[in-house]
Amino acid sequence: MTTADAVDIDRENLAQARDLIAVGVPVFIARPNPNYDPSDTKSREFFLPDAWQETAPDVSVLNAWTPGDALCLVAGHGVDVVDVDTKNGANPAEHLARLEGVGVDVLAIVRTPSAGIHAYVRSVGLCSAGSQTVGVDYRGRGLDGSGSGFLYMPGTQRPKYDGGGYEWEKLPDVYDIAETTDADREEQRDAVATYLAGIGYSPRTHRTDRDVQEIGGEEVNLSAIPPWLSADLEDLGPTWEKKNGTKHRDRSERFHNLVHACKRAGLTPGQTVTLLDPWCSALGKYVGRVDLEVSRSLSKDDTEPTRAPALSVVSDSYAPDDSAPWDPPVPIGGDSITADPVTLDGLPWLVREMVRAQATESAAPQEIALGAVLGALSAATRGVWDIHVSSSWYAGPSVLWTLTLAESGERKSGAVRPLIEPLRALERHAATEVLKENRLRAGRREIATAALKAEQKTSETKPEPDVEKVDRLTDEVHANRDRPRPALVQTDTTTEALGMHMTKQGGAVAMFTTEATAFQSVAGSYKKDGTSNVGLLNSAWDAEEYRDLRVSRAGMDVSRPVLVWCAAVQPAVLAGYATSGTEGSGFLARFLMFSPNSLQGLRTMRTEPVSLALRAEWSETLRRIHSHAWRHYAAMTDDLPDEMGEPLRLDFEPDAADALYSHAQELEDRNTPTSDLRTLGGWVGKLPAQLARIAAVLALAEDPTRTTVPREYVENALSLSDSLIRHALATFAVMRKSDQEDPARRVIAALRKLRAPDVSTRQVHKEIQGQAWVRGAESVREALEDLADLGYVRPVTVKTGGRPSERWLVHPDLLG
């Protein structure tokens, strides 16, 4: 097998795993054990991740897979698996016949490296079971979540079998899995139970008595113990991290917390003693007197430690006074300016639903998905359309730039990557077409070259050479030159490298990045003098010819540069980014900007995947646009002589143009010296053209063969206008902020993270200690006092019997 064949097989296996995840089947990756010893029966081939039983269906986990890793399926979520193992004497054909004979639907079959099979069946709520004597393992999950099992999938090579892997014999029908009804499950449960009983198993849907242990002289169901409590009991490290991020070395506090956790879980004091005794022995704490310390801990009057940030009531008589109304706080710049989520209701159905579904699946802010959706639609056009609102208003090419500010951990890659994957697939298909065509061209070029040389040699002896024939043959040689392999989608570049790539490609490039490298490069961070070079980029937004002739290196000469740019980067990286080289040149004014609020701490880990039907509709939409654009782009860049062909023209219908003109006039009337629009500089001046481009791209998504844009797509675009303005204000505030250690901004970030209606100075200090500007609690107190003057907090003093406690009420806007 060649390396290319292996890569193709890996790609196919990952595609199947991705399809299963899309219908709710969890898949995780297990890393290989570099010290695996096949002669040691206890040696592990792979290291399973912690709590693999709780794996959620998340397609982004596949991005971390590399050859050598194991792909693992968690049974009980859409599919269960019958594992027939020949090395224990089981016959795959016999068991497939048994399954069919009792009416079990076999949805897929995998051949294992030991010559056995994995038969995929519908999940029916039965616990896993197995026996080496029978040679068959059943991997499922009980109705109460117990008895989970996992299976290796195709894509896994087992060191135990000299690298033997798993292969699909019958591919799964994911639509069949997705459309399973409750009635199907009930029917199949009876059929699977009949099969299992027939091979000597006792099928069960819940935990059995073996799952119940006697603790402290009483029976207790271990499922009553919360998973986080089990994790704390297993954590014997030198420090203990609470959910609020603080770390403790105090074993007494850990013990006290665990005692009360056992109490909340419904355990009696006797059960608590028995459960904590081995934990105490391992830590060398309270050995021989655990029962006494448990009794003391339960009898204490003080409030038990909390596991998450919450309102800390320091006395029974105190409660925060939130009755007084809050005025809007005074904006201070940076991330203290917030924008409401972008309004999606006015967008076309596919765009709206794709944004919401992808944001839900990835647990990312919807603005990240919106930027990627608009970027992907624009990239599919390859910039071949010129957009004319009217005879006197040229809005530019079908090119959009989007910039989203999002902190690390906001699932940027998980939101963007699935949306642009269809583009990569289309690019691969186009590359295949080009390679085939180049092989044909090579033959024609060889013939034309030979004829040209022969004619040139003959012409030397002729008194009147046939110049016309020589020119025709020269053009024929040129017409059959190799076309460049398409490479539309890029992730990072410098300006110079981008220009040279555009020159080779014929002009069109789409850049999708969730890292700040590209922005830092454009800003000049890669240059010794720190200067910016945005001339090519600005030209590529407008599809204006760009020529850059240099002595020291190859110059750039691009007739029609078109760049689609979709970036999602960390706010801290772009703080202070707005300079004379970036904002002053109009570079930043070309971006549609989004500054979403963080979702960290508010997300649900088990998310709903994008439906297969919606994903298919999205892929088909990109295919339609790209296919139409690619045909014209290929012809346009292949014209003779060496000049670009004419782009496609897209005009606006009269009432659509009127709506855009009216909105442009409204923006102009609002843009007074005291208006917030004035602070946006050149950005607001380009907003009408941006809206025209959005309307055009949305219209092309519906029908790429159209030549005019109806009014409805203008109204779709205009529904974003107010949101775009609010998010641009927030984004520019960050990029114009040069002082990254501004105390007020740092404290506001800490208050947002704590999300408590009132906090103490000490709580805030613990949250931000270690930052360069923090010299002690006094630094934090001064920053809080400044924020009180601006309306973000209110000071309150609480008398608790000892010295007064200094606390601060927090503005509701900071509570999420």
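Up top you'll find the structure we're talking about.
First, a word on scope: everything that follows refers to the structure included in this document. Please read these numbers as outputs of a predicted model, since none were measured by experiment. (Residues numbered from 1 in each chain as written. Predicted model: local features only at pLDDT ≥ 70, side-chain atom pairs only at ≥ 80, totals over all residues. Heavy atoms only, no water.)

### Concerning the sheet that holds strand S3 (residues 70-74)
Next, step 1: The strand order S2-S1-S3-S9 describes an open sheet built from 4 strands, whose pairing is antiparallel. A strand with exactly one partner marks an edge of an open sheet, and here the two such strands are strand S2 (46-47) and strand S9 (150-152).
Next, step 2: One ladder, built from 4 bridges, connects strand S1 (residues 27-32) with S3; its direction is antiparallel. Across the sheet, Phe 28 pairs through a bridge with Cys 72, a residue of S3. (Pairing = 2+ DSSP bridges. Helix = DSSP H or I, 4+ residues; strand = E, 2+ residues; numbered from the N terminus.)

### Let's talk about the sheet that holds strand S21 (residues 508-513)
Sheets are built from strands paired through backbone hydrogen bonds, the pairs being either parallel or antiparallel.
Next, step 1: One open sheet holds the 5 strands; their spatial order is S20-S21-S24-S19-S25, and the pairing between them is parallel. The open sheet is flanked by strand S20 (489-490) and strand S25 (592-594), the only strands paired with a single partner.
Next, step 2: For strand S19 (residues 401-405) and strand S24 (residues 562-569), the ladder comprises 5 bridges, and the chain directions are parallel. Note on S24: the bridge partner recorded for Leu 405 is Val 569.
Next, step 3: Sheet strands in contact with helix H21 (residues 721-735) are S19 and S25, and its direction is about 75° off that of S25. (Contact = heavy atoms within 4.5 Å. Axes fitted to C-alpha atoms, helices over the stretch in contact; angles between N-to-C directions.)

### Re the nonpolar core
Next, step 1: Counting residues in hydrophobic clusters, the biggest one holds 116 residues, and the most contacted among them are Leu 377, Leu 563, Phe 652 and Trp 683.
Next, step 2: With 14 residues, helix H19 (residues 682-702) is the largest single contributor of residues to this core.
Next, step 3: Those residues in contact with Phe 652 that sit more than four places away from it in its chain are Ile 387, His 388, Val 389, Ala 657, Leu 660, Ala 692, Ala 695, Ala 696, Val 709 and Val 714.
Next, step 4: Ranked by size, the runner-up nonpolar core spans 37 residues in total, among them Phe 28, Trp 52, Val 74 and Met 153. (Core = buried A, V, L, I, M, F, W, Y, C linked by side-chain atoms within 4.5 Å. Buried < 20%, exposed > 50% of the residue type's maximum accessible area, 1.4 Å probe, protein only.)

### Digging into the environment of Glu 767
Next, step 1: For Glu 767, the location among the structural elements is in helix H23 (residues 761-768).
Next, step 2: When the C-alpha positions of Glu 767 and Lys 753 are compared, they lie 8.8 Å apart, and in sequence the two are 14 residues distant.
Next, step 3: Engagement of the side chain of Glu 767 in a polar contact is seen with the side chain of Lys 753, the distance being 3.3 Å. (Polar contact = N/O pair within 3.5 Å; in protein donor to acceptor, adjacent residues only side chain to side chain.)

### Some words on the side chain of Thr 514
Next, step 1: Along the chain, Thr 514 falls in the loop between S21 and helix H14 (517-522).
Next, step 2: Those residues within four positions of Thr 514 in sequence are excluded, and the remaining contacts are Lys 412, Ser 413, Val 416 and Ala 568.

### Quick word on the pairing of S21
Across a regular strand the side chains alternate sides, sitting on one face of the sheet and then on the other.
Next, step 1: Within S21, 6 of the 6 residues are buried, which leaves it mostly tucked inside the rest of the structure.
Next, step 2: Across the two faces of S21 the burial is the same, with Ala 508, Ala 510 and Phe 512 and Val 509, Met 511 and Thr 513 all buried.
Next, step 3: In this sheet, S21 lies alongside S20 in parallel orientation, the contact comprising 2 bridges. Of the residues in S21, the one forming a bridge with Gln 490 is Met 511.
Next, step 4: Bridge count between S21 and S24: 6 bridges; the pairing is parallel. Along S24, the bridge assignment pairs Met 511 with Trp 565.

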